[in-house]
Every structure is written in structure tokens, then in C-alpha cells.
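Close look at the chain arrangement
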Amino acid sequence: MPMATSEAIPQVLLPRLHHSDLCTNSLNSVHTIKANVNNRRIKIPVSMQVHSCSRKSQNYRRRVYALRSRDSVFHEKTDVGRLESMGCQCQQAEGVSGSTTEDQNETRFKGKTRRPKSNPINGTSSAPSIEGYEVGQQLKHEKEDHARKGKATASGTTKDKLDKGRVNVIEDEAWNLLRDSIVYYCNNQVGTIAANDPSSSSILNYDQVFIRDFIPSGIAFLLKGEYDIVRNFILHTLQLQSWEKTMDCYSPGQGLMPVSFKVRTVPLDGDDSATEDVLDPDFGEAAIGRVAPVDSGLWWIILLRAYGKCSGDLSLQERIDVQTGIKMILKLCLADGFDMFPTLLVTDGSCMIDRRMGIHGHPLEIQALFYSALLSAREMLAPEDASADLTRALNNRLIALSFHVREYYWIDMRKINEIYRYKTEEYSYDAVNKFNIYPDQIPSWLVEFMPSKGGYLIGNLQPAHMDFRFFSLGNLWSIVSNLATVDQSHAILDLIEAKWDELVADMPFKLCYPALEGQEWQIITGSDPKNTPWSYHNGGSWPTLLWQLTVACIKMNRPEVALKAVEVAERRISQDKWPEYYDTKRARFIGKQAQLYQTWSIAGYLVAKLLLANPSAAKSLVNEEDSELVNAFSSMISANPRRKRGRRRQSFIV
């Protein structure tokens, strides 16, 4: 069996009993799964079982994650069969319970109409006169105007009530659909499936719990005061984290989080009368393109921090196994390699855009999530000697990463004019065009797209290559995580408002702009039939982005932008059956291969509504930049990055 890391495993295998452990007397550490092997349960009807679908047995070897406890002896992971799963027969979870509170706050951002005030008329004569007649007529007309306005106001009030009632119906429907998508593992809520369309026979892998898809679901439950499902999700996905350090090219790297998992009910020990639940993870082995997820571990850290902020329960992040899980993710991301940049080097299709879309290298989305995860991890890491080196490396990376993205990824009209006049083939430490960008790379669409007021962070930067496309998630999360400066954050929202018809139109929100078309689409996507222009990841519109847009707008004290987008979504999203994405430039068509009743479309809408009703709750998702990072970045800017730095320059690259 491959050896696990020497620093992490001994800590985790120590039994640790906590008052709010996931399974009573059974989840004392990450490896404790079965508390009672004799606790068998009779098979239940199919209609009452966990979501599942029949799948052909795999012929290749799979690692078994089912770890059992007999007489307080903990057994490590072993290669004993084909099924890569985690079995459990634990009791009802004893998690952190939170009272469910109904949101009674109304949206606070609607304007109020003022009624016109009538000035008193002072007359000095009681005798009839032309002036008196005119004054009388004026008063008569004013009374008639008031009567008409009163009727219009009453009509408007009725319409407002109808609109509000319709919105409440949409919210109620969304909550019912979200709860219907919940997955149970050993009678505990552990996540939500990707989509739950009862009329669809094409399930694919949408009956699984995806880590990135669950994030808006988890945040919706946190904002609603329902903490158990998020706690269970965090602990069970931690159990699935890859621990073996192997040279097998088909095995996940140490510390990698799975892209998804599925709950399966299987016969126990060959006895058809008893069953057990198992967690079957996918690290990318079964994914389209076989691409491992880079963003899963980053989202996991972000959700862990949000859980502590919302619930007030910091005991979860203080657990030894959780602390070890955080460190393993950080070590995987901070590992030395051949890359010279502080950005995280990844393969194409390793994030939300999980198809070939030309985002290999250093895509903005991953850098924004990476920065947010580093800040969140630094906040949660226990202060101990063993963490000192990791914290130091983390701080160095944060400083270098923020400078790199803010300085080299940012474009506005001023920067475009600068790039347009770049000299190339510069060799020196004081080169202006550090990445040897050729001015001819500036696309023709960018000149029309870039407003005079506003700007954004480009999608990717590599030697001799700038991807000028606007990627929504990367820009929005750069605002949320403070990766973008305050001025840059406002400029991004300015651009969104200026280009509303291109980025929002009939359904928010464009995943990227513009779409790849013609020969460019053929070469970059490999003629992907699902990523045709203005569809799916190639310029499609994704309603789930509403929640990231809302957090960003509230952070910058501009909630009216998010409110406007939510109102656009409410016109159609419910009657369209909550699709995964929309097609065409204006998002007028439901995606040609979009799943209906897509859970993160539902959850994204609910999170946006909850945050607009209670903007202060957004603080649990926002990363506040500390003074140390601000001062370090300011000193780097003031030192002029174009100066000749010499060979003995200070390095911030880990």
C-alpha cells in the first residue's frame, strides 16, 4: 500500500470525540466510518432509497475508501476491490442545529414615491373676482388630479401586491425544489444532486453531488439557519479527500478533493436482506475529458469558512482532521514546480468551465478562487509551530498573487492604448512588455466592447498570449475576495452596467463574452458540439451566477445592480423550469442540452434573494484584506514595477 504523508496521518488517526461530531461515537476522526458492523438494516423500497441509478460494473481497479472500526481499532485505506467507495452504517447525525428562520425582510432598495404637496391659498377679499374664480378652478383641477393619482396609486399598489405575490410563489417553489434535491447518507443530509428533472430519462452524472454545485445550495441553507447539511457535507467530502501519494498516473494527487460523489445502496457482505450506504467519489476518472478538478478543494475551504461565520461554530474548523485537510489542499496548491508565476498553473477544463475552452495555463477564475481560499485558510489555520512555515509561504504567495493579477490582468481604455503601442522582443529586467505581447492580439470586438468608464480582468495571461475575453465568475469573485482593488471592483461593475445588453439581456448572466465562433471555435474547442457559439460554456448564460453577482454588488454598496438582474431572472426562470443555462446572444432560448430543475440555478436565485433581503449576511462570504497585504502591495506599486530590479531582487514566488 502506498505510504501516506508522515506529517498528516498520525495526527488524524488519533481518536477525537467532539460534542457535535457527525455520527455519534463514529466520526471521531476522518477515518472512522462504521461504528457498529452488526447494525444491519433491512432493504427499503426503491422509492425511499437515496437517489441512484444503475451503472455497469467497472473493470479497472478502484481504491476502497470504506474504513471500518471494530473494537476501537481504526483501519487504513487498502486496495481490496474495484469499488472506490466509503461505507457507513452510522446513526442519525448529531450536528450543529440551527433554528430555521423565515425571512420577513422586504427588499430595501425600491424607491418611494412622494405625494405632491398643495400650497395654501391666501385670499384677502371675500367678493367674487376673476382671480378668485381662477383660484377656484385651480383648486377644482387639483382635486381632480389628486383623485386620478389616488386611483393610479391604488392600481399601482394592487400591481405591486400581485408582483410580490408572484415572487413569493417563485421563492416557495425554489425552496421546495431545493429540499427535494437533498441527498441522504445513513439518514443524514449530505448534499444536493446536480439536477432533479423527473421528466428526463437522460441522467448522466447529474444525480451526483458536485462540490462546486453544492456551494450555492450550502450557502442558501446557511443563510436560512440550517447548518447540519453543510457540516455533514464538509466532513464527508473530507473523508473522500485523496490521501495516498502514488506514482500511478490515473490516481489523484495527494490532497485533491473529488469533483463529485454519489450515494449508493449496496448489499452488505453478500446478504441481500441487508444493505449499506456507500459514497462513491469521482476525482475525474469518469469525467468527460478525464480532467481532475482544481476548484473543488478551493471551494471546500471557502464553504468551511462561511459555515463558521454563519453558524458561529468554530469547533469544526479546529478539528485535527479538518486542519489536516486544509493543509493538504494548501500543500498541493503551493507545491514547487517549473512555473515562474505566482498564479496557479492548471489544465484546460479543470474548473466550472469543465470542457475544452482554451483556459489552460493561468485562468482568472482559478486565481480568484485560489486567492480567496488562501485568505480563508490563513484565517482558519490553528496557530502552532507546525503551521509557521506554511503560513509564511501562504503570505508570500498572497502578496505576489495580488500584485501579479492586479497589475498584469487588468485592462481598461488606458491599458489597451498602452498595449497597442507595445514594443516587442524586449530583453532586460526593466522591460515594459514583460510577457512579449504582440499588439496585433488586440481583437476588433474589444474596441467596441470596452466602455470609456470601466474595465475588467482578462481571462488569461501567458507568454505571448492574452485572452481578452470577459469571464464573469473570475471577475465577480475577484471583487468578493478583494483580489481586485476598490477602484477596479467599481470599474468592473461599471462595465457590467454599461454592457448590460451584452452580459445580461433576457437572462443573467453570461459566463464569458464574447463566444468563440468560426475557425476559432473549431480550433480551440475541438469543434465541441455542446459548446457551439453562444451556448453552454461558450457564451451561454448561467442563472447560478446571480449569487456571485449579488455578493459582489453588496460588497461594493451597489445592490441595485444585483436587484435589477434578479428581477430580470424572475420574469422567466420559474416558467422555464429552472434550466442549467440559456443560449443565444440575448439568452432567449433555453439551452439546447440544458438540464431542467438544475439545483444550482435554483440555489443561486435563493442566495441572491436572501442576501438582498439581508445585505449584512454577505460579510460571511467576503474576504477582507488586512493591512499587511495592503501595505505590501502599496510598496510594490510605489517602487515602480518597470524599474531595473537587478539579479538580487526579492522574490515573492513560493
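Residues numbered from 1 in each chain as written. Predicted model: local features only at pLDDT ≥ 70, side-chain atom pairs only at ≥ 80, totals over all residues. Heavy atoms only, no water.

Comments concerning the sheet that holds strand β13 (residues 456–462)
What the 4 strands build is an open sheet, ordered β12-β13-β14-β15; its pairing is antiparallel. Looking at strand neighbours, the two that pair on one side only are β12 (410–411) and β15 (512–513), the edges of this open sheet. Of the strand pairs in this sheet, β13 and strand β14 (residues 465–471) are connected by 4 bridges, and their pairing is antiparallel. Opposite Asn 460, over in β14, you have Asp 467 as the bridge partner. Together, β12, β13 and β14 form the strand contacts of helix α9 (residues 388–408), whose direction differs from that of β13 by roughly 105°. Across the face of the sheet, helix α12 (residues 472–480) comes into contact with β13 and β14 while running at roughly 80° to β14. (Pairing = 2+ DSSP bridges. Helix = DSSP H or I, 4+ residues; strand = E, 2+ residues; numbered from the N terminus. Contact = heavy atoms within 4.5 Å. Axes fitted to C-alpha atoms, helices over the stretch in contact; angles between N-to-C directions.)

Considering the pairing of β13
For β13, the tally of buried residues reaches 7 of 7 residues, placing the bulk of the element in the interior. Two strands pair when backbone bridges link them, and β12 and β13 are joined in this way by 2 bridges, in the antiparallel orientation. Each residue of the ladder has a partner; that of Ile 411, found in β13, is Tyr 456. Count of turn residues in the β13/β14 antiparallel hairpin: 2 residues, of which Ala 464 carries a positive phi of about 60°. (Buried < 20%, exposed > 50% of the residue type's maximum accessible area, 1.4 Å probe, protein only.)

Remarks on the environment of Lys 555
Among the structural elements, Lys 555 can be located in helix α16 (residues 546–555). Lys 555 sits in the partly exposed class, given a relative accessible area of 23%. Along the backbone, Lys 555 and Asn 482 are 73 residues apart, and their C-alpha atoms lie at a distance of 9.8 Å. The residues contacting Lys 555, other than those within four sequence positions of it, are Ile 479, Val 480, Asn 482 and Val 622.

Observations concerning the nonpolar core
Across soluble globular proteins, nonpolar side chains show a tendency to be buried alongside one another. Counting residues in hydrophobic clusters, the biggest one holds 162 residues, and the most contacted among them are Trp 300, Ile 326, Tyr 456 and Ile 496. It is helix α8 (residues 364–380) that provides the largest number of residues to this core, a total of 11 residues. Discounting chain neighbours no more than four positions away, the residues touching Trp 300 are Ile 234, Thr 237, Leu 238, Met 257, Val 322, Ile 326 and Ile 329. Ranked by size, the runner-up nonpolar core spans 5 residues in total, among them Ala 194, Tyr 206, Phe 210 and Val 259. (Core = buried A, V, L, I, M, F, W, Y, C linked by side-chain atoms within 4.5 Å.)

With respect to the packing of helix α5 (residues 295–311) against α8
Angle between the axes and distance between the axes are the two parameters that describe a pair of packed helices. At their nearest, the axes of α5 and α8 sit 9 Å apart, and the two run at 45° to each other. Of the possible angle classes, the one that applies to α5 and α8 is oblique. Crossing hand, α5 versus α8: left-handed. Here α5 contributes Asp 295, Leu 298, Trp 299, Ile 301, Ile 302, Leu 304, Arg 305 and Lys 309 to the contact with α8, which in turn contributes Glu 365, Ile 366, Leu 369, Phe 370, Ser 372, Ala 373, Ser 376, Ala 377, Glu 379 and Met 380. For the contact of α5 with α8, the residue count by class is 11 nonpolar, 2 polar and 5 charged. (Parallel < 35°, antiparallel > 145°, perpendicular 65-115°, else oblique. Left-handed = near helix turned anticlockwise from the far one by under 90°. Nonpolar A, V, L, I, M, F, W, Y, C, P; charged D, E, K, R; others polar.)

A look at the packing of aromatic side chains
Here the structure, examined in full by the defined rule, presents 20 aromatic pairs. Ring geometry for Tyr 513 versus Trp 534: centroids 5.7 Å apart, planes at 50°, classification tilted. Linking Tyr 513 in strand β15 with Trp 534 in the loop between α15 (518–525) and α16, this pair joins segments that are 21 residues apart in sequence. Overall, the relative accessible area of 16% leaves Tyr 513 in the buried class. Residue classification places Trp 534 among the buried positions, given a relative accessible area of 9%. When the ring of Tyr 536 is compared with that of Trp 542, the centres are 5.6 Å apart and the planes differ by 40°; the resulting orientation is tilted. Using a relative accessible area of 5% as the deciding quantity, one classes Tyr 536 as buried. (Phe/Tyr/Trp six-rings, centres within 6.5 Å; stacked < 30°, edge-to-face > 60°.)

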